Amino acid sequence: MKNKLGKKLILLCLLLITGGFTGCGKGGNKEYSAELNKVLNGSPETIDPQLCGDTLSAEVISYFTGTLYTYNTDRELCPGLAESREVSEDGCTYTYHLREGLKWSDGTPLTAEDFVYGFQRLADPTTGSGSVYYITDCCEVKNADEINAGELPVSELGVSAPDNRTFIVELESPCPYFDSLTTQCPLAPCSRAFRNSCGDSFATSPDTVLCCGPYILDRYEPLAAQIHFVKNPNYYNADSVAIEGLNLQVVANMQQAMMCYQAGSMDIVNVSGELAELAVDDPHLQVFDTAGTFFLDLDLRNNEALGNVNIRRALSKSLDRESVVKNVLRTGYSALTRINPPNFYLDTDGEDFAGDDDMYDEYLGYDPDKAREYWNKGLEELGVESITLEMMFYSSMQSVAEVFSNQMINNLPGLTVNLKPVSAKEYTRAKGAGEYEMLLYGWVADYADPTAFYMLYVSSACPVGYDNPDFDKLFSETGTETDTAKRNEMLHKLEDMLCEDVVCLPLFSTNSAFLIADGVTGMQLYPTGAVVVVTGLSKEVR
């Protein structure tokens, strides 16, 4: 894999820490009273799969769009629109065999050519998709870089359809998690003929989208307060979709969402912070792990103090993450003292890859006395008696930044931490340019593999980040190792290196907490957390 991750870092750095809310509609329309009513915390940016780059859009698009692979109610990766696939011996060619009789929602056949066009459209620079990194960075589809740079025509992309049910993807280098990538909306199929017939209005209304997922979109307007779906009879797995219709109600804020839920007009509402804390003993509250983490990113190359491993260990061990989660963040977050979040990736034995919360406590876990030992050793090595650092953060994280900085200052004599809240624009610019000392940073994995987190620490990923040739080499080798057990050993070794070297200060992982009404069962999320697994969802009609 090439390490051209700058675009991805800039695009996703606000994914966890920003969010907008639109006006609240009334909700609970009697026309949909027998359907599932779910709160959506904001309006999606787009309903165009190839343009999808935010979690709200991903959720909405996933209801009406199918993908080659998907996840079942046990969060296991399984075939979707594809029924099987083969991988070449060198790991660079994936041949997918589509299910027989696939159809779009208008009844026209869905063929392998639709996947060819979907991938080509993603790579095409005229599409202007910010999610092209899925095929240029997360994996390297043949010629995707050159095509996106305008150096080659889209016809040269490494995708082909020798017949209607066979879709072939050629990669520049092996990508063991490629099947997981195909679950993402930007890699969905697209009908060339339908797209051309819609022109610039494509994917702006129900009339300008074709559906191949569990539902058909039948009500949507940009910035609409209500989005509605009906069951898709042409979906290959329609028998598993128990709910005939789905109504998403966009609300202005969480308090209004709670009012809708308490009034019985909404069946599922996402809660966090104080509201989630109030509901912690409610039997209707369900909490799901997601693939999101927060950490303090560090300037390891230019800041002499942060370049010292003992100073970094001291900083990490001065942080009482549990108290911040309990008293500031509350429900929806879990303290994290390693790189990988829990319940995200399964190890060779089928157990949670990150199941041991205390594995790296020697270097990262809270221990004020040990923190001062590391601190004094670091000060001696640097030949100084005090250190001043600056912590940059997006303005909405003010309270979290204040608590963590106070913990550092109180536990490490001679440390001064200056806080720098910034706008979203400045935050993104500073991250891309590497102009910070400590950056309170959120990251969401795009696919269910530890490399989705490790990729942040490849030497070329960040101009001020980790620079370790041994790490770079082992990271690259995970892309060619086909033995799962051996590869998992390599993935553990990579995390060992990152945690022992304290390349960042892990803070907490994110959860999604929902209040779910009586009669609604089977709620589950993808491992990445943004998408609901609709197969298995059911609701008793009252």
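Keep in mind that what you see is a predicted model, and the values were worked out from it rather than measured.

**Q** So, the overall build of the protein chain: which residues are in play, and what are the values?
**A** When you go through the protein chain residue by residue, the secondary structure sums to 18 helices and 19 strands. Whereas a compact globule of 542 residues would reach a radius of gyration of roughly 24 Å, the protein chain reaches 24 Å, a difference of no more than 12%. Counting over 542 residues, the protein chain shows a buried share of 58%. At a minimum sequence separation of 6, the contacts of the protein chain that also span at least 24 residues come to 71%. Accessible area of the protein chain: about 21300 Å², with a carbon and sulfur share of 46%. Where the 39 positive side-chain charges of the protein chain centre and where its 79 negative ones centre are 3 Å apart.

**Q** Any chance you could break down helix H10 (residues 309–317) for me, citing the residues and the numbers?
**A** Within H10, eight of the nine residues are buried, which leaves the element mostly enclosed by the surrounding structure. Looking at H10, one finds that the buried residues are Asn 310, Ile 311, Arg 312, Arg 313, Ala 314, Leu 315, Ser 316 and Lys 317. Sitting at the head of H10, Asn 308 places a side-chain oxygen 2.9 Å from the backbone nitrogen of Asn 310.

**Q** Can you lay out helix H13 (residues 368–382) for me, pointing to particular residues and giving the numbers?
**A** Spanning 15 residues, H13 covers 21 Å between terminal C-alpha atoms, matching the ideal 21 Å at 1.5 Å per step. Listed as buried for H13 are Pro 368, Ala 371, Tyr 374, Trp 375, Gly 378, Leu 379 and Leu 382. Taken down its axis, H13 places every buried residue within 135 degrees of arc, on the same side. In this structure, H13 carries Asp 369 and Glu 380 as exposed residues pointing more than 90 degrees from its buried face. In this structure, the buried residues of H13 make contact with H10, helix H12 (361–364), strand E14 (387–394), helix H14 (398–411) and strand E15 (415–422).

**Q** Hey, could you go over the packing of H10 against H13 for me, with residue numbers and the actual values?
**A** At a minimum axis separation of 7 Å, H10 and H13 run at an interaxial angle of 155 degrees. With respect to each other, H10 and H13 are oriented roughly antiparallel. Judged by the twist between their axes, the crossing of H10 over H13 is left-handed. Taken together, the residues of H13 that come into contact with H10 (itself represented by Asn 310, Ile 311, Arg 313, Ala 314 and Lys 317) are Pro 368, Lys 370, Ala 371, Tyr 374, Trp 375, Lys 377, Gly 378, Leu 379, Glu 381 and Leu 382. For the contact of H10 with H13, the class distribution of residues is eight nonpolar, two polar and five charged.

**Q** Summarise the packing of helix H11 (residues 321–329) against H14; cite the residues concerned and give the values.
**A** Helix-helix packing: each pair is described by the crossing angle between the helix axes and the interaxial distance. The contact between H11 and H14 brings their axes to 11 Å, and the two run at 150 degrees. Helix-helix and strand crossings are classified by hand; for H11 and H14 the assignment is right-handed. Contacts between H11 and H14 involve Arg 321, Ser 323, Val 324, Val 328 and Leu 329 on the former and, on the latter, Ser 399, Val 400, Val 403, Phe 404 and Gln 407. Here the contact of H11 with H14 is built from residues that sort into six nonpolar, three polar and one charged.

**Q** Give a detailed account of the side chain of Thr 111, specifying residues and quantitative values.
**A** Inspection of the secondary structure assignment puts Thr 111 in the loop between strand E5 (93–98) and helix H3 (112–123). Since its relative accessible area comes to 16%, Thr 111 is described here as buried. Leaving out residues up to four positions away in the same chain, Thr 111 has contacts with Leu 98 and Asn 164.

**Q** Quick rundown of the pairing of strand E4 (residues 82–87)? Include the residues and the values.
**A** Bridge count for E4 against E5 is five bridges, and the pairing is antiparallel. Residue Val 87 lies in a different strand from E5, and its bridge partner there is Tyr 94. Here E4 hands over to E5 after five residues, with Gly 91 in that stretch at a positive phi of 75 degrees.

**Q** Quick one: what's the story with the pattern of salt bridges, residue by residue and with numbers?
**A** This structure, assessed with the given rule, holds 14 salt bridges. In this structure, Arg 372 and Asp 369 form a salt bridge, with 2.9 Å as the shortest nitrogen-oxygen distance. Linking Arg 372 with Asp 369, this pair stays in helix H13, spanning three residues, or about one helical turn. Among the residues examined, Arg 372 registers a relative accessible area of 28% and is labelled partly exposed. Linked by salt bridges that have partners in common, Glu 426, Arg 429 and Glu 435 make up one network.

**Q** So, the sheet that holds strand E7 (residues 166–170): which residues are in play, and what are the values?
**A** The strand order E4-E5-E7-E6 describes an open sheet built from four strands, whose pairing is antiparallel. Of all strands in the sheet, those bounded by a partner on one side alone are E4 and strand E6 (159–163). Within the sheet, the average angular offset between the axes of one strand and its neighbour, ignoring direction, is 20 degrees. Looking at chain direction, E5 and E7 are connected through five bridges and run antiparallel.

**Q** Can you lay out the pairing of E6 for me, pointing to particular residues and giving the numbers?
**A** Here E6 pairs with E7 via three bridges, running antiparallel. Paired with Asp 163 across the two strands is Thr 166, which belongs to E7. Counting the residues that bridge the hairpin from E6 to E7 gives two residues.

**Q** Explain the side chain of Gln 120 residue by residue, including any values.
**A** Positionally, Gln 120 belongs in helix H3. Among residues more than four places away in sequence, those in contact with Gln 120 are Val 154, Ser 155, Leu 157, Val 159 and Arg 192.

**Q** If you had to explain empty space enclosed by the protein to someone new, which residues and values would you point to?
**A** Under the criterion given, the structure shown has six cavities of 30 Å³ or more. As a volume, the largest cavity reaches approximately 240 Å³. Taken together, 21 residues make up the lining of the largest cavity; nearest its centre are Ala 58, Tyr 134, Gln 184, Asp 446 and Ala 530. Put simply, the parts of the chain that give the lining of the largest cavity at least two residues each are helix H2 (55–64) and helix H4 (133–138). Looking at side-chain class alone, the lining of the largest cavity contains 13 nonpolar, six polar and two charged residues. Contributing to the lining of the second largest cavity are 15 residues, with Pro 49, Trp 104, Pro 189, Phe 202 and Leu 210 lying nearest its centre. For the lining of the second largest cavity, the residue count by class is twelve nonpolar, three polar and no charged.

**Q** Could you give an account of the confidence of the model for the protein chain, naming the residues involved and the relevant values?
**A** Overall, the predicted model of the protein chain reaches an average pLDDT of 90, with 93% of residues at or above 70. This stretch, residues 1–33, has a pLDDT under 50; its non-local contacts, to residues over four places away or in other chains, come to 108 contacts.

**Q** Any chance you could break down the packing of aromatic side chains for me, citing the residues and the numbers?
**A** Enumeration over the complete set of coordinates arrives at 24 aromatic pairs. Here Phe 344 and Phe 453 contribute two aromatic rings whose centre-to-centre distance is 5.4 Å and whose plane-to-plane angle is 80 degrees, an arrangement assigned as edge-to-face. Note that Phe 344 is positioned in the loop between strand E13 (333–335) and H12 and Phe 453 in helix H16 (residues 451–454), a separation of 109 residues in sequence. Like Phe 453, Phe 344 is buried.

What counts as what
Each chain has its residues counted from 1, following the order in which its sequence is written. In view of the model being predicted, local features appear only for residues whose pLDDT reaches at least 70, and side-chain atom pairs are presented and counted only at 80 or more, with totals across whole chains, interfaces and linings using the full set of residues. Side-chain measures were taken over the full set of non-hydrogen atoms in the model, leaving aside hydrogen atoms and water. Here a strand is any run of E in DSSP of at least two residues, a helix any run of H or I of at least four, and the numbering for each starts at the N terminus. With C-alpha atoms as the basis for the radius of gyration, the globule rule is written as 2.2 Å multiplied by the number of residues raised to the power 0.38. The buried label goes to any residue with under 20% of its type's maximum accessible area, the exposed label to any with over 50%, and the partly exposed label to all in between, with areas taken from a 1.4 Å probe on protein chains only. For this analysis, residues touch if any pair of their heavy atoms sits within 4.5 Å. For accessible areas, the Shrake-Rupley method is used with a probe of radius 1.4 Å. Any residue's cover is judged against the shown protein chains and nothing else. Positive charge is attributed to Lys and Arg, negative charge to Asp and Glu, and no charge count is given to His or to the chain ends. By convention, the charge on Lys lies at NZ, on Arg at CZ, on Asp at CG and on Glu at CD. In protein, a polar contact means a hydrogen-donor-capable atom and an acceptor-capable atom, both N or O and within 3.5 Å, with residues adjacent in sequence counting only if both atoms are side-chain atoms; elsewhere, any N or O pair within 3.5 Å suffices. Any helix carries an expected span of 1.5 Å times its number of residues minus one. It is the directions from the helix axis to the C-beta atoms whose arc is reported. Axes here refer to lines fitted to C-alpha atoms; in helices the fit is confined to the stretch in contact. Angles between the N-to-C directions go from 0 to 180 degrees. Here is the rule for angles: anything less than 35 degrees is roughly parallel, anything more than 145 is roughly antiparallel, 65 through 115 is roughly perpendicular, and the remaining ranges are oblique. In this scheme, a crossing is called left-handed if the near helix is turned counterclockwise away from the far one by less than a right angle; it is called right-handed if the turn is clockwise. In the scheme used here, Gly and all other residues not listed as nonpolar or charged are polar, with Ala, Val, Leu, Ile, Met, Phe, Trp, Tyr, Cys and Pro taken as nonpolar and Asp, Glu, Lys and Arg as charged. For two strands to be treated as a pair, DSSP must find at least two bridges joining them. Think of a salt bridge as a Lys or Arg side-chain nitrogen and an Asp or Glu carboxyl oxygen that are within 4 Å of each other. Here a cavity means grid points, on a 1 Å grid over the protein atoms only, where a 1.4 Å probe fits yet cannot get out; a pocket means an open set of points with protein on both sides within 12 Å along at least five of seven lines; lining residues are those with an atom within 4 Å of a point. Grid points are joined across faces, edges and corners, and a volume is the space filled by probe spheres set on the points. In predicted models, pLDDT denotes the confidence assigned by the predictor to each residue on a 0 to 100 scale. The pairing test for Phe, Tyr and Trp rings, Trp by its six-membered ring, is centres within 6.5 Å, and the orientation test on the planes gives stacked under 30 degrees, edge-to-face over 60, and tilted for anything in between.

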